[in-house]
Each structure stands twice: as C-alpha cells, then as structure tokens.
Amino acid sequence: MTDFHHKKSLGQHFLKDKNIIRKIVDIAELQPGEAVWEIGPGMGILTEELLERKSKLTCFEIDSSLYDILEKRFGKLLNLIKQDVLKADWECLLPDEKVKIVANLPYQITSPFLFEVSRFADHFSKVVVMIQKEVAQRINANVGTKDYGILTLKMQYYFDVKYEFTVKPHVFNPPPKVDSAVISLMPRMDKPIIENEKYFWHIVDISFRNRRKMLRRNLRELISIEQIEELQNSGVIDLARRGETLTEAEFVTLHDLLKRFN
Ligand code: SAM
C-alpha cells in the first residue's frame with residue numbers, strides 16, 4: 001500500500017475522513033441486499049462502509065495498480081469491474097432491479113458520467129455523489145444564472161436534485177485545489193411529457209451553443225430565417241431572449257412549436 005502513487009490524471013483524491021463517508025452512505029438510505037454501484041473505489045474506504053451496510057456491491061475501477069489491494073481487502077464480497085466506467089457496457093451490466101450509485105467521483109469524468117446516468121435514469125433509485133462544488137452548483141442552478149445550462153436542465157429533467165453539503169479539501173489525500181460537494185439525485189415523478197426527447201435536447205443544445213446570442217440567432221442552425229420570423233410572430237416565446245433565460249417549461253413549449261418544422 002505504501003508504494004502506491006496517486007495519479008492526478010485519474011482524479012485520485014482519496015477520502016480519509018470516516019465521518020464524511022458515513023454521512024454520504026446515510027444519505028443513500030441503503031437497505032440490506034440492495035444493488036449499489038460505486039465508481040472508483042480507490043483503496044476502498046467508501047467500499048468498506050457500503051459492504052458493512054450489506055449492499056450488493058459492484059465497483060468500477062480503471063487503475064490496475066489498485067486491483068490487488070482491493071481484492072486482498074474485500075475478496076469475493078466485491079464485484080470488481082476492471083474497466084473505465086464510461087466504456088463499460090451499462091446495458092449489459094445493469095441488473096433487472098433498481099440500482100443506487102454511491103461514489104466519490106473522479107472529477108474529470110463528472111459531466112460525461114452524469115449524462116450517462118441520465119440516459120439510464122430509469123434504472124437508478126438514488127444517486128449520491130461527491131463532485132466538484134462548482135459542478136454541483138451548476139446542476140442545482142436556477143434559470144437565468146451563470147451556472148444554468150445544459151447540465152442543469154438535463155439533471156433536473158430526470159431527477160429531483162438536492163445539494164446535500166459542502167466538503168473542504170483537507171478531508172482528502174492528497175487535497176484537491178477546490179471545494180467539493182455531495183449531491184443526491186432522486187428519480188423525478190413529475191417529468192413533463194415530451195413527444196420527441198431527442199429533438200428536445202437538440203433544441204436545448206443549440207440554444208446554449210452561443211450563450212451570449214439570442215435564440216433568434218442560435219435557432220438559425222435548426223430552421224430557416226422565414227420560419228424564425230413565423231415563430232416570432234406567433235408571439236409565444238420572444239426570440240430576442242437568450243437560451244439561459246428559458247425555464248424547462250418554456251423549452252418544452254419551444255419544442256412543441258418547432259416540431260412542425262421538423
Ligand atoms: N472511492 C475512493 C475514496 O473515496 O477514497 C477513491 C475516490 S477517487 C476521487 C476516484 C477513483 O476513481 C480513483 O480510484 C480512480 O482510479 C478511479 N477512476 C478514475 N477514472 C475512472 C474511470 N473512468 N472509471 C473508473 N474508475 C475511475
């Protein structure tokens with residue numbers, strides 16, 4: 001264990017505070033025998049607590065120099081997937097039952113990982129993750145703020161988001177340069193009905209492509225100038241606004257209006 005070298009490129013900031021670990025796991029409200037995914041067990045500090053709570057645990061770890069340590073420590077108790085979680089075949093690995101995710105995420109994969117989680121949102125009953133505070137604020141942002149964007153809309157569309165608590169760098173070894181935060185995501189029960197979700201997210205994507213530009217300008221990528229005029233004249237949404245000022249409900253309205261040009 002002593003000859004292990006932390007790899008910055010893999011976001012290896014290991015937790016050293018058992019109280020924080022217990023707080024994270026408490027938020028997950030685990031029932032014995034429940035399926036849990038941990039991303040990046042590292043040396044296994046969170047893993048140990050998850051196993052103590054009798055969860056049926058699957059861990060994804062990319063760093064092969066940790067496999068021996070983890071296998072010696074936990075043996076058969078652990079289903080260790082020796083792979084990059086972003087390259088793993090989730091479709092195959094997800095069980096029939098619902099899964100909870102509990103993880104101190106490697107920060108460099110936060111956004112792609114959470115987008116992947118939202119793609120498989122139906123499979124998860126709760127997600128509790130430690131991420132960079134700045135990203136947690138983006139996920140939890142209100143419309144019209146600088147933090148509000150695609151990540152906000154996506155996560156808040158699929159989940160009820162809760163900013164749980166802020167975590168200071170000194171509880172990690174080595175300490176990261178920035179503050180962290182634990183957030184929880186619960187599947188949302190009152191999702192709006194969207195006829196064509198793919199098209200909806202395409203519209204959101206285009207609306208934020210040039211953040212400082214008006215919708216009228218950004219939508220040119222999607223429809224003709226004449227169609228933009230027609231939309232503006234319908235008076236439902238003022239296309240002189242910027243994407244970052246539109247609520248989820250307004251994006252749904254925009255989608256419903258744009259659908260006829262699709
Ligand atoms: N869970 C441990 C803890 O709390 O001390 C370690 C957390 S550390 C922030 C992130 C862990 O994720 C590291 O063990 C790192 O090797 C692993 N990791 C980094 N990128 C990964 C990826 N793409 N897929 C799976 N594991 C990854």
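Before any of the text, the structure's been laid out above.
Residues numbered from 1 in each chain as written. Predicted model: local features only at pLDDT ≥ 70, side-chain atom pairs only at ≥ 80, totals over all residues. Heavy atoms only, no water.

A.B. asks: Tell me about the overall build of the protein chain, and please be specific about residues and values.
C.D. replies: Counting its secondary structure elements, the protein chain contains eleven helices and nine strands. For the protein chain, the spread of C-alpha atoms along the principal axes amounts to about 65 × 40 × 30 Å. Residue burial in the protein chain is summarised as follows: out of 262 residues, 49% are buried. Considering only residue pairs separated by 6 or more positions, the protein chain has 66% of its internal contacts joining residues 24 or more positions apart. As displayed, the protein chain has an accessible area near 13200 Å², and 50% of this comes from carbon and sulfur atoms. (Helix = DSSP H or I, 4+ residues; strand = E, 2+ residues; numbered from the N terminus. Buried < 20%, exposed > 50% of the residue type's maximum accessible area, 1.4 Å probe, protein only. Contact = heavy atoms within 4.5 Å. Areas by Shrake-Rupley, 256 points an atom, 1.4 Å probe, with all protein chains shown as cover.)

A.B. asks: So, the packing of aromatic side chains: which residues are in play, and what are the values?
C.D. replies: Where two aromatic rings form a pair, the distance of their centres and the angle of their planes describe that pair. According to the stated counting rule, one finds 14 aromatic pairs in the structure shown. Ring geometry for F200 versus W201: centroids 4.9 Å apart, planes at 80 degrees, classification edge-to-face. In this structure an aromatic cluster arises from ring pairing among W37, F60, W90, F113, F120 and F124. In this structure, K23 is placed above the aromatic ring of F165, and the distance from its NZ or CZ to the ring centre is 4.0 Å. The ring of W201 carries the charged tip of K154 above its face, separated from the ring centre by 4.8 Å. (Phe/Tyr/Trp six-rings, centres within 6.5 Å; stacked < 30°, edge-to-face > 60°. Lys NZ or Arg CZ within 6 Å of the ring centre and 35° of its normal.)

A.B. asks: Help me get a handle on the nonpolar core, residues and values and all.
C.D. replies: Counting 59 residues, the largest nonpolar core has I39, W90, F113, F124, L219 and L254 as its most contacted members. For this core, the leading source of residues is helix 8 (residues 197–209), giving seven residues. Both domain 1 (8–187) and domain 2 (197–261) contribute no fewer than three residues apiece to this core. Ignoring anything within four residues of it in the chain, the contact list for I39 reads F60, V85, I101, V102, A103, N104, L105, I109 and F113. Counting residues in hydrophobic clusters, the runner-up holds 33 residues, among them V25, L30, I69 and L80. (Core = buried A, V, L, I, M, F, W, Y, C linked by side-chain atoms within 4.5 Å. Domains from an automatic or database assignment.)

A.B. asks: Give a description of the pairing of strand 5 (residues 99–104) that names residues and reports values.
C.D. replies: For strand 5, a buried count of six out of six residues is recorded, marking the element as mostly surrounded by other parts of the structure. Residues of strand 5 alternate between two faces, with V99, I101 and A103 on one and K100, V102 and N104 on the opposite face, all of them buried. Here strand 2 (residues 35–39) pairs with strand 5 via three bridges, running parallel. Following the sheet pairing, W37 is matched in strand 5 by I101. Pairing of strand 5 with strand 6 (residues 124–132), which is carried by six bridges, proceeds in the parallel orientation. Across the sheet, the residue bridging to A103 is V129, located in strand 6. (Pairing = 2+ DSSP bridges.)

A.B. asks: Can you explain the site of the ligand? Please cite residues and give values.
C.D. replies: In the vicinity of the ligand lie 23 residues, with Q12, L15, G40, E61 and N104 positioned nearest. One nitrogen or oxygen atom from the main chain of G42 is found 3.3 Å from an oxygen atom belonging to the ligand. At 3.0 Å, a backbone N or O of V85 approaches a nitrogen atom of the ligand. Contact with the protein chains hides 98% of the accessible area of the ligand, taken as 590 Å² for the molecule alone. (Near = heavy atom within 4 Å. Polar contact = N/O pair within 3.5 Å; in protein donor to acceptor, adjacent residues only side chain to side chain.)

A.B. asks: So what's going on with the pattern of salt bridges? Residues and values would help.
C.D. replies: By the definition in use, this model includes 25 salt bridges. For the salt bridge of E116 with R119, the shortest nitrogen-to-oxygen distance reads 2.9 Å. With a gap of three residues between them, E116 and R119 both fall in helix 5 (residues 110–119), about one helical turn apart. Residue classification places R119 among the exposed positions, given a relative accessible area of 57%. D205 is the partner of R209 in a salt bridge, and the nearest nitrogen-oxygen pair spans 2.9 Å. Within this pair, R209 and its partner D205 are both found in helix 8, separated by four residues, close to a single helical turn. R209 sits in the partly exposed class, given a relative accessible area of 41%. Residue classification places D205 among the partly exposed residues on the basis of a relative accessible area of 30%. Linked by salt bridges that have partners in common, K18, D26, E48, E49, R53 and R73 make up one network. (Salt bridge = Lys/Arg side-chain N within 4 Å of Asp/Glu carboxyl O.)

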